[in-house]
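Overview (structure and organization)
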Amino acid sequence: MNEKKKQQYFTKGLLNWYRTSDRPMPWKGEKNPYLIWLSEIILQQTRVEQGLPYYERFKAKYPTVIDLANAPEDELMKLWEGLGYYSRARNLHATAKIIATEYKGIFPKDYKTILSLKGVGPYTAAAIASFAYGLPHAVVDGNVYRVLSRYFGIDLAIDSTIGKKEFTKLAGAVLDVTDPGVYNQAIMDFGATYCTPKAPKCGHCNLKKSCVAFQEKAIAKYPFKSKKLKKRTRYFNFLVVEDAKSQVLIEKRTGKDIWQQLYQFPLIETEVATNEDALKNQDLFKAILKSTGLKSLVPSKPFSQMLSHQKIVAVFWKIKIAKHKNDAKSDRKIIASTDLENYAFPRVIDLFLQDKTLYLDMR
Ligand code: SF4
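Thresholds, definitions, all that
- Residues numbered from 1 in each chain as written.
- Predicted model: local features only at pLDDT ≥ 70, side-chain atom pairs only at ≥ 80, totals over all residues.
- Helix = DSSP H or I, 4+ residues; strand = E, 2+ residues; numbered from the N terminus.
- Buried ≥ 20, exposed ≤ 12 C-beta atoms within 10 Å, placed from the backbone.
- Contact = placed C-beta atoms within 7 Å.
- Near = placed C-beta within 6 Å.
- Nonpolar A, V, L, I, M, F, W, Y, C, P; charged D, E, K, R; others polar.
- Domains from an automatic or database assignment.
- Axes fitted to C-alpha atoms, helices over the stretch in contact; angles between N-to-C directions.
- Parallel < 35°, antiparallel > 145°, perpendicular 65-115°, else oblique.
- Expected span 1.5 Å × (residues − 1).
- pLDDT = per-residue confidence, 0-100.
- Pairing = 2+ DSSP bridges.
- Arc of directions from axis to C-beta.

Some words on the overall build of the protein chain
A tally of regular secondary structure across the protein chain gives 15 helices and 8 strands. In terms of principal-axis extent, the alpha carbons of the protein chain reach across some 80 × 50 × 35 Å. Per-residue burial for the protein chain yields a buried fraction of 33% across its 363 residues. Looking at the protein chain alone, contacts between residues at least 24 apart form 68% of all its contacts between residues at least 6 apart.

Next comes the structure, spelled out in structure tokens:
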């Protein structure tokens, strides 16, 4: 079979498979670009089962892009809480505001303009353009790399410039231009449910006879990667400073780091896991605890959270004091511990607050 024929065979086989597959999703067949965009942003780096309830909540709370644009930031971040990759929520908000003002509430209709929106990469732009407007743009992501590399036996690294270029070219060549939306949905579903990273369902796959990886018995070999990501471990010490009235200190993360706009307890980051004496020597510790009447200091067990490039190991130091001091220069808030649930926190703090085995009496 020549290359063109093989590509046509792949497209036909994939669409045949899709006709018999059944993967209901609330956004399937959706033509409203705003809702497609919302679902795609929520699903970036998120499993469908995890993203689904968030999509439903956002759709109910902000049925139009104008509603989303007008949402108070803290409310939106609270609704996003637990989904991770919070820059997505910030970009969602920023883009909604731009669509509401610059585009008068009408979602852009051409691929280039969609791609220019903040937080929208080629994958999301192709999904919106093809689902909402039937435009011939192929989605290319990890699922697509895997399916194409296995089926066509491509050993170019998917994290190399040349690899990305070739896969994008091939994805465009196998796209069914008569119905790009259906084709894109088909390859997404096929990668997510059939040609999965581990244990693909090759035995039942209607493409297996012409699939290079299957024929070579080399499925684990594909897709190729040139480098392995090394995760950095960071040690976070959160100061949970509680006074006699059960009030605690929180602050908003505003720096150029992870978790922007989320709340946290005052944080001391250290190079390695630290102990009580070393912690007490930190400037921030001294500044916060000065003349508050420190009564006790007890560390929690370590909690961890994996991010794409880093691992966070967090210890929560429960610090009992007599009274918080009023510091007009500080942006920190003093709030009742029963109000903590009204703020959006990173997942690792939520894990701490929800841990029923803790000695803490919060929440
Ligand atoms: S035979 Fe297996 S590896 Fe090949 S396309 Fe089908 S599911 Fe993927």
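Don't stop here, the text continues.
Quick notes on the site of the ligand
Residues in close proximity to the ligand total 14 residues, the closest being Cys-195, Cys-202, Cys-205, Cys-211 and Phe-214. Only α9 (142-152) and α12 (212-215) provide two or more residues apiece to the shell around the ligand. Considering only residue class, the shell around the ligand consists of 11 nonpolar, no polar and 3 charged.

Points about the domain arrangement of the protein chain
Many analyses report the size of an interface as the accessible area lost when the parts associate. Per the domain assignment, the segments of the protein chain are domain 1 (3-221) and domain 2 (232-354). The C-alpha centroid of domain 2 is placed 38 Å from the C-alpha centroid of domain 1. Contacts between domain 1 and domain 2 engage 11 residues on the former and 8 residues on the latter. Put simply, the parts of the chain that give the side of domain 1 that touches domain 2 at least two residues each are α5 (73-80) and α6 (87-101). The biggest single contributor to the side of domain 1 that touches domain 2 is α5, with 5 residues. Taken together, the residues of the side of domain 1 that touches domain 2 break down into 3 nonpolar, 3 polar and 5 charged.

Looking at unusual backbone geometry
Between Tyr-222 and Pro-223 the backbone carries a cis peptide bond, its omega angle lying at -5 degrees. Among the secondary structure elements, Pro-223 is positioned in the loop between α12 and β1 (232-242). Backbone geometry at Trp-259 places phi at a positive 60 degrees, although glycine is not the residue there. Of note, Trp-259 is situated in the loop between β2 (247-252) and β3 (263-264).

Regarding the packing of α9 against helix α11 (residues 180-193)
Contact geometry for α9 and α11: axes closest at 9 Å, N-to-C directions at 80 degrees. Between α9 and α11, the crossing angle belongs to the class labelled roughly perpendicular. Residues Asn-143, Val-144, Arg-146 and Val-147 of α9 touch α11, and the partners they reach there are Ile-187, Met-188, Phe-190, Gly-191 and Ala-192.

What about the packing of helix α1 (residues 3-20) against α11?
For any two helices packed against each other, the geometry comes down to the angle between their axes and how far apart the axes lie. Where α1 meets α11, the closest approach of the two axes is 9 Å, and the angle between their N-to-C directions is 80 degrees. If you check the angle between α1 and α11, you find them roughly perpendicular. The segment α1 lies against α11, with Leu-14, Leu-15, Trp-17 and Tyr-18 engaging Tyr-183, Ala-186, Ile-187, Asp-189 and Phe-190. Each residue belonging to the contact of α1 with α11 can be placed in one class, and the counts come to 8 nonpolar, no polar and 1 charged.

Regarding helix α8 (residues 122-133)
Taking 1.5 Å per residue, 12 residues should reach 16 Å; α8 reaches 16 Å between its end C-alpha atoms and fits that length. Taken across its 12 residues, α8 has 10 buried, putting it largely inside the fold. Inspection of α8 places Tyr-123, Thr-124, Ala-125, Ala-126, Ala-127, Ile-128, Ala-129, Ser-130, Phe-131 and Ala-132 among the buried residues, and these make up the whole buried set. Of the surrounding secondary structure, the elements contacted by the buried residues of α8 are α2 (33-43), α7 (111-116) and α11. Directly beyond the C-terminal end of α8, a positive phi value near 65 degrees is found at Gly-134.

Focus: the confidence of the model for the protein chain
Of the residues in the protein chain, 97% reach a pLDDT of 70 or more, and the chain-wide mean stands at 91. Counted against residues more than four places away or in other chains, residues 359-363, with its pLDDT under 50, gives 7 contacts.

With respect to the environment of Cys-195
Secondary-structure assignment places Cys-195 in the loop between α11 and α12. According to the C-beta neighbour criterion, Cys-195 is buried, with 27 such atoms within 10 Å. In the structure, Cys-195 is positioned 44 residues away from Tyr-151 in sequence and 9.6 Å away in space, judged by C-alpha atoms. Once residues lying within four places of it in the same chain are set aside, the contact partners of Cys-195 are Arg-146, Val-147, Arg-150, Phe-190 and Pro-200.

Examining the pairing of strand β6 (residues 303-306)
Across 4 bridges, the pairing between β6 and strand β7 (residues 310-321) is antiparallel. Bridging across to β7, Ser-304 finds its partner in Val-313. Counted along the chain from β6 to the antiparallel partner β7, the turn is 3 residues long.

Observations concerning helix α3 (residues 48-61)
In this model α3 runs 20 Å from its N-terminal to its C-terminal C-alpha over 14 residues, within 8% of the 20 Å that 1.5 Å per residue would give. Residues Tyr-54, Tyr-55 and Phe-58 constitute the buried set of α3. When α3 is viewed along its axis, its buried side chains cluster within an angular range of 110 degrees and face the same direction. Exposed and facing more than 90 degrees away from the buried side of α3 are Glu-49, Pro-53, Glu-56 and Ala-60.

With respect to the environment of Glu-75
Within the element layout of this structure, Glu-75 appears in helix α5. Overall, Glu-75 belongs to the partly exposed group, with 13 C-beta atoms counted inside 10 Å.

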